[in-house]
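Reading the structure
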Amino acid sequence: MSEVLVVGATGTTGSRVAAFLRERGVPVRPASRRADLAGYVRFGWANRETHAPALSRVRAVYLVPPIGVAEPAPMVEPFLHEAVRQGVRRVVLLGSSAVPESTSGVGALYGLVRTVMPEWAVLRPSWFMQNFTGESLALRIRDGEVISATGKGRVGFVDAADIASVAGHALTAEVPHNTEHLLTGPETLSYDEVAALLTRHTGRPVRHRSVTVDELARHFTRHGIPASFAAMLAALDTDIGGGSEDRVTDTVERVTSRPPRSFREFAEREVR
């Protein structure tokens, strides 16, 4: 039985997609840039020589775009054509609810996947709940503070496990999804409400410090993020403040037949 290639298999969603598939007996080929990881195929977007071997005898691909690349299409398009050449039928692409289809940036990949691949799906999740347990510079709950320029804006935070579940179904369904999936959790929350939930769950004070978009960009640059990228990240908070993420969809339940996890459930399971 041919395998499912999971690009970004050590990442937040890729690791969970690989686990989801293994639990269901689906052969998985996890990919990583590192050459020293046992059981992983070596894959690097900038290393074209790794693409064809990674795709050999693969039937579907979970595709996480190149990280930190402003225009990923020139890297991704040759990979997709190589996939088709080798008989890959299906690609499930990780996008973002904050990034609509466009002619540039990550948004350009949506149409590319739809055009090149016989079978496809584009996942557009809202902000990950796991951002509050990772290394985000602005969401350092261990320091008792969440920083944002979102004001009172609300977000339909989604659990990465739910994203992985939708991806797993899209990768293995008998009938290809051939659509975009906008993914959210079951409710929208402001960062004030998130801070209050985290305070109640951890027993440690967590506050939301609201700053201007320029202050947030400077915060990022002080921690080594390039100025142009810092400005782009901060601008996303402005969009949230304007209501861009204040929405809830039924996609997770419709695809997986179970409701998405709430932020409270996530906090009980993963926040310490």
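Residues numbered from 1 in each chain as written. Predicted model: local features only at pLDDT ≥ 70, side-chain atom pairs only at ≥ 80, totals over all residues. Heavy atoms only, no water.

Right, let's talk about the overall build of the chain for a bit. When helices and strands are counted, the chain shows ten helices and eleven strands. Relative to a compact globule of 272 residues, whose C-alpha radius of gyration would be 19 Å, the chain shows 19 Å and is just as compact. C-alpha extents for the chain along the principal axes are approximately 50 × 40 × 35 Å. Every one of the 272 residues in the chain was classed for burial, and the buried ones make up 50%. (Helix = DSSP H or I, 4+ residues; strand = E, 2+ residues; numbered from the N terminus. Rg over C-alpha atoms; globule rule 2.2 N^0.38 Å. Buried < 20%, exposed > 50% of the residue type's maximum accessible area, 1.4 Å probe, protein only.)

Let us now look at the packing of helix α3 (residues 73-85) against helix α4 (residues 107-116). Contact geometry for α3 and α4: axes closest at 10 Å, N-to-C directions at 15 degrees. Between α3 and α4, the interaxial angle falls into the category roughly parallel. Viewed along their axes, α3 and α4 form a crossing whose handedness is right-handed. Here Ala73, Val76, Glu77, Leu80, His81 and Val84 of α3 come into contact with α4, specifically with Leu109, Leu112, Val113 and Val116. Here the residues of the contact of α3 with α4 are counted per class, giving eight nonpolar, one polar and one charged. (Axes fitted to C-alpha atoms, helices over the stretch in contact; angles between N-to-C directions. Parallel < 35°, antiparallel > 145°, perpendicular 65-115°, else oblique. Left-handed = near helix turned anticlockwise from the far one by under 90°. Contact = heavy atoms within 4.5 Å. Nonpolar A, V, L, I, M, F, W, Y, C, P; charged D, E, K, R; others polar.)

Turning next to helix α8 (residues 227-241). Every α-helical turn comprises 3.6 residues, leaving residues that sit three or four positions apart pointing alike. Over its 15 residues, α8 extends 21 Å from the first C-alpha to the last, a length consistent with the 21 Å expected when each residue adds 1.5 Å. On the buried face of α8, the contacting elements are β7 (145-148), β8 (154-155) and α7 (213-222). (Expected span 1.5 Å × (residues − 1).)

Below, the discussion takes up unusual backbone geometry. One non-glycine residue, asparagine 178, adopts positive backbone phi at about 45 degrees. Structurally, asparagine 178 is set in the loop between α5 (160-172) and β9 (179-183). Phi is positive for serine 257, close to 70 degrees, though the residue is something other than glycine. Within the element layout of this structure, serine 257 appears in the loop between α9 (251-256) and α10 (263-270).

Let's shift gears to the pattern of salt bridges. Here the structure, examined in full by the defined rule, presents 20 salt bridges. A salt bridge links arginine 16 to glutamate 270, with the shortest nitrogen-to-oxygen separation between them at 4.0 Å. Placement of the pair is arginine 16 in helix α1 (residues 14-23) and glutamate 270 in helix α10, with a sequence separation of 254 residues. When salt bridges with common partners are traced through the structure, they connect Arg16, Asp159, Arg269 and Glu270 into a single cluster. (Salt bridge = Lys/Arg side-chain N within 4 Å of Asp/Glu carboxyl O.)

With their axes 8 Å apart at the nearest point, α7 and α8 run at an angle of 140 degrees to one another. When the axis of α7 is compared with that of α8, the two are oblique. Remark: the crossing between α7 and α8 carries right-handed chirality. Contacts between α7 and α8 involve Val213, Leu216, Ala217, Phe220 and Thr221 on the former and, on the latter, Ala227, Ala230, Ala231, Leu233, Ala234, Ala235, Asp237 and Thr238. Of the residues that constitute the contact of α7 with α8, the class distribution is ten nonpolar, two polar and one charged.

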